[in-house]
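Listed here are the chains, written in short residue letters.
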Amino acid sequence: MSSEGYPRRTSQLPHSALFTMPIQDMNHKDRALLSYEKARAIGLSYDMTIDDLLSLTPKFWQMHNDPAVLLDGGSITLLTIQYNLCAGTIARYTGRRPELVSLVEDLLQYRKHGQFMMTELGHGLDIGNIETTATLLPSGEFLLNSPTPGAAKFMPPTVPAGRPCVAVVFAKLIVNNEDCGHRPFIVSLNDGKQMCTGVQSKLLPFRGGPHPVTHSITTFRNVRLPRGALLGSLDKPSNAHANLMNIIERISIGTIALGCLALPFMQCYATIGTLYSLRRQIGGVHRTPILSFRTQQMPILATVANAYVMQALQRWAIAQFCDTRLDARVRHGIAALFKGVMVQHSQQGALGVSERCGAQGLFAHNQMTTLHNEMRGIAIAEGDVLGLAIRLINELLLGRYALPSPENPDSLLARHEAGLFERMRTLIAHVPHHRSAEVNRLVLPHCQPAMEALGHRMAYDAAVAQGVDPALVELYVANVVRLDAAWYAEHAGLGWAAQQDMETRAADAVLPQLGRYVREMDVFAFVSAPIVSDERWGAFVDGLATYEGNARVDVFDSRDVLEVRSEMVRSHL
């Protein structure tokens with residue numbers, strides 16, 4: 001069952017006063033501040049502990065699968081920053097520094113807000129070259145500075161939001177004028193009402209589409225930090241890159257955790273699409289639900305199949321990622337490809353289903369466009385999908401490590417993966433260097449499709465191993481074949497007609513069970529779209545601002561009418 005193993009710890013929230021508060025007429029700033037309270041409510045529902053953060057317990061992953069994200073994407077953005085990135089990073093040091101335990105507890109209990117500040121305006125994904133400095137002073141304190149405009153931290157939400165806020169800030173440690181590599185520092189940003197001395201936050205305009213978050217540009221000017229603000233050692237690491245990868249470990253955890261959010265997104269699209277397509281009917285006396293048309297069915301059925309198969313991939317990927325016996329690079333690679341395919345299939349579902357809801361699919365109150373925009377941000381956060389793909393595929397082509405081999409090597413998706421990698425290995429074998437112009441032109445553009453092909457094959461293997469309904473698995477294969485139809489026609493002997501027949505047979509097998517599949521997803525309580533039922537739609541319309549009056553407006557100006565009449569008289573003389 002789709003919701004099995006995913007207890008609904010937030011089941012009381014959808015009908016609470018906090019989550020039912022009307023927000024349509026609320027300004028963006030107030031909505032953004034309200035998201036902090038919603039994040040707190042979701043977080044406290046999980047009673048998260050330091051052990052949950054460090055051991056990555058099932059509770060940690062359940063939070064990132066919680067369908068409460070469907071009600072306010074801004075709240076889960078704040079929550080995963082606070083719990084995974086900020087509290088998670090600090091928690092790593094509590095074993096040697098027990099005085100940090102109380103701070104982590106404050107973050108977990110939402111007595112303080114927490115942020116994570118690594119990316120800089122002038123460097124983006126190039127985190128190895130961030131410029132923020134923390135200079136050791138003779139007193140043992142540190143002086144934190146943003147030396148250039150490009151060193152501004154972009155775009156953690158750092159403006160005051162009612163509670164004191166601390167951040168894990170990444171900076172270059174300077175000792176005796178020597179760059180000793182990157183370190184995380186604990187920095188107080190504001191007291192909930194105003195910024196701390198030397199910390200400046202500029203509120204960015206709100207993003208168009210998703211739930212608003214107070215994203216900001218933050219700079220530091222001679223901010224004095226106590227010795228205890230440093231997380232880690234003063235010693236210069238022997239391997240700067242290894243040190244950087246170690247201190248940003250929570251980013252890799254966030255890669256797979258944020259990918260998990262795509263599952264409730266897909267379940268939401270399938271639920272809304274199914275219920276709306278049953279409710280919406282055409283015809284006169286004999287009404288027919290639009291779900292009876294194959295054009296309406298296909299995006300919904302595809303999303304259902306993708307959701308069930310992605311859930312199987314998720315369970316497998318989390319187990320692999322948490323297995324510390326595996327090479328860390330392999331675990332990170334699995335996280336990367338998992339996020340890539342989860343984002344891919346979520347966005348397919350958003351567009352496919354919302355378009356089949358016609359004009360209704362365009363409105364934010366029907367959730368789909370908002371969630372689509374939320375996923376655009378997720379695709380970038382904690383590892384941009386394209387950046388992850390370029391790194392992963394190049395490392396695999398160079399033979400630095402290998403990912404798990406296919407369990408079903410003769411499957412269509414395994415053959416597709418093998419074919420793409422064979423072509424890329426042929427290309428890279430004839431270039432002078434893996435950073436050459438030829439690789440830039442011939443290999444880099446194919447890295448993301450190659451990573452997705454890996455993910456598709458692993459998803460298929462996971463679904464088969466976990467006993468996902470074969471009809472759903474077959475429809476998933478048909479969905480994936482459509483993504484590279486030419487390759488399958490050219491290399492797998494699967495022409496256009498054969499591809500269409502495969503999809504039709506799979507859809508015919510899934511359709512009779514659609515209601516059961518959607519019901520077992522168990523996200524209806526978190527679906528707020530009014531188009532799913534007549535009752536909800538009626539209540540929604542009754543709550544809209546209504547304009548009435550007694551005004552009268554003449555269609556024609558009286559002078560124009562007189563001129564027309566005079567012209568008519570003259571024409572008859």
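Before any of the text, the structure's been laid out above.
Residues numbered from 1 in each chain as written. Predicted model: local features only at pLDDT ≥ 70, side-chain atom pairs only at ≥ 80, totals over all residues. Heavy atoms only, no water.

A. Spotlight on the packing of aromatic side chains. Counting across every chain of the model gives 8 aromatic pairs. Here Trp61 and Phe321 contribute two aromatic rings whose centre-to-centre distance is 6.5 Å and whose plane-to-plane angle is 90 degrees, an arrangement assigned as edge-to-face. On the criterion of sequence distance, the pair formed by Trp61 in helix α4 (residues 58-63) and Phe321 in helix α10 (residues 294-321) is long-range, its members being 260 residues apart. With respect to class, Trp61 is no different from Phe321; both count as buried. Aromatic pair Tyr83 and Tyr110: ring centres 6.0 Å apart, planes at 55 degrees, arrangement tilted. Of this pair, Tyr83 sits in helix α5 (residues 73-91) while Tyr110 sits in the loop between α6 (101-108) and β1 (113-117), and the two are 27 residues apart along the sequence. Grouped by ring-pair contacts, the aromatic residues Phe60, Trp61 and Phe321 constitute a single cluster. Cation over ring: Lys38 sits above Phe19, and NZ or CZ is 5.5 Å from the ring centre. (Phe/Tyr/Trp six-rings, centres within 6.5 Å; stacked < 30°, edge-to-face > 60°. Helix = DSSP H or I, 4+ residues; strand = E, 2+ residues; numbered from the N terminus. Buried < 20%, exposed > 50% of the residue type's maximum accessible area, 1.4 Å probe, protein only. Lys NZ or Arg CZ within 6 Å of the ring centre and 35° of its normal.)

B. Up close: the nonpolar core. Counting 154 residues, the largest nonpolar core has Trp61, Ile90, Val304, Met310, Ile393, Leu403 and Tyr488 as the members making the most contacts within it. For this core, the element with the highest residue contribution is α10, accounting for 14 residues. Excluding anything up to four places from it in sequence, Ile90 contacts Leu100, Leu103, Val104, Leu107, Val168, Ile186 and Leu231. If you look at the next biggest cluster of nonpolar residues, it comprises 20 residues, including Phe142, Ala167, Ala171 and Phe220. (Core = buried A, V, L, I, M, F, W, Y, C linked by side-chain atoms within 4.5 Å. Contact = heavy atoms within 4.5 Å.)

C. Representation of the packing of helix α8 (residues 249-260) against helix α11 (residues 328-355) in the model. For the pair α8 and α11, the least separation of the axes is 8 Å and the interaxial angle reads 30 degrees. Taken together, the axes of α8 and α11 are roughly parallel relative to one another. Note on packing geometry: the crossing formed by α8 with α11 is left-handed. Of the residues in α11, those in contact with Ser252, Thr255, Ile256, Gly259 and Cys260 of α8 are His332, Ala335, Ala336, Phe338, Lys339 and Met342. Class assignment of the residues belonging to the contact of α8 with α11 gives a composition of 6 nonpolar, 4 polar and 1 charged. (Axes fitted to C-alpha atoms, helices over the stretch in contact; angles between N-to-C directions. Parallel < 35°, antiparallel > 145°, perpendicular 65-115°, else oblique. Left-handed = near helix turned anticlockwise from the far one by under 90°. Nonpolar A, V, L, I, M, F, W, Y, C, P; charged D, E, K, R; others polar.)

D. Molecular detail of the state of the cysteines. Considering all chains together, one arrives at 0 disulfides under this definition. Distance from the sulfur of Cys268, which forms no disulfide, to the nearest cysteine sulfur (Cys357) is 10 Å. Its relative accessible area of 0% is what places Cys268 among the buried residues. (Disulfide = S-S within 2.5 Å.)

E. Structural view of the pattern of salt bridges. Applying the stated criterion to the full structure yields 21 salt bridges. Here Arg92 makes a salt bridge to Glu249, at a shortest N to O gap of 3.1 Å. Residue Arg92 is located in the loop between α5 and α6, and its partner Glu249 is located in helix α8; the two are separated by 157 residues in the primary sequence. On the basis of relative accessible area, Arg92 is assigned to the partly exposed category, the value being 26%. Ionic pairing is found between Glu395 and Arg391, a salt bridge with its closest N-O pair at 3.5 Å. Separated by 4 residues within a single helix, Glu395 and Arg391 lie in helix α13 (residues 385-397), roughly one turn from each other. By relative accessible area, which is 14% here, Glu395 ends up buried. Beyond isolated ion pairs, a larger network of salt bridges with shared partners links Asp106, Arg111 and Lys112. (Salt bridge = Lys/Arg side-chain N within 4 Å of Asp/Glu carboxyl O.)

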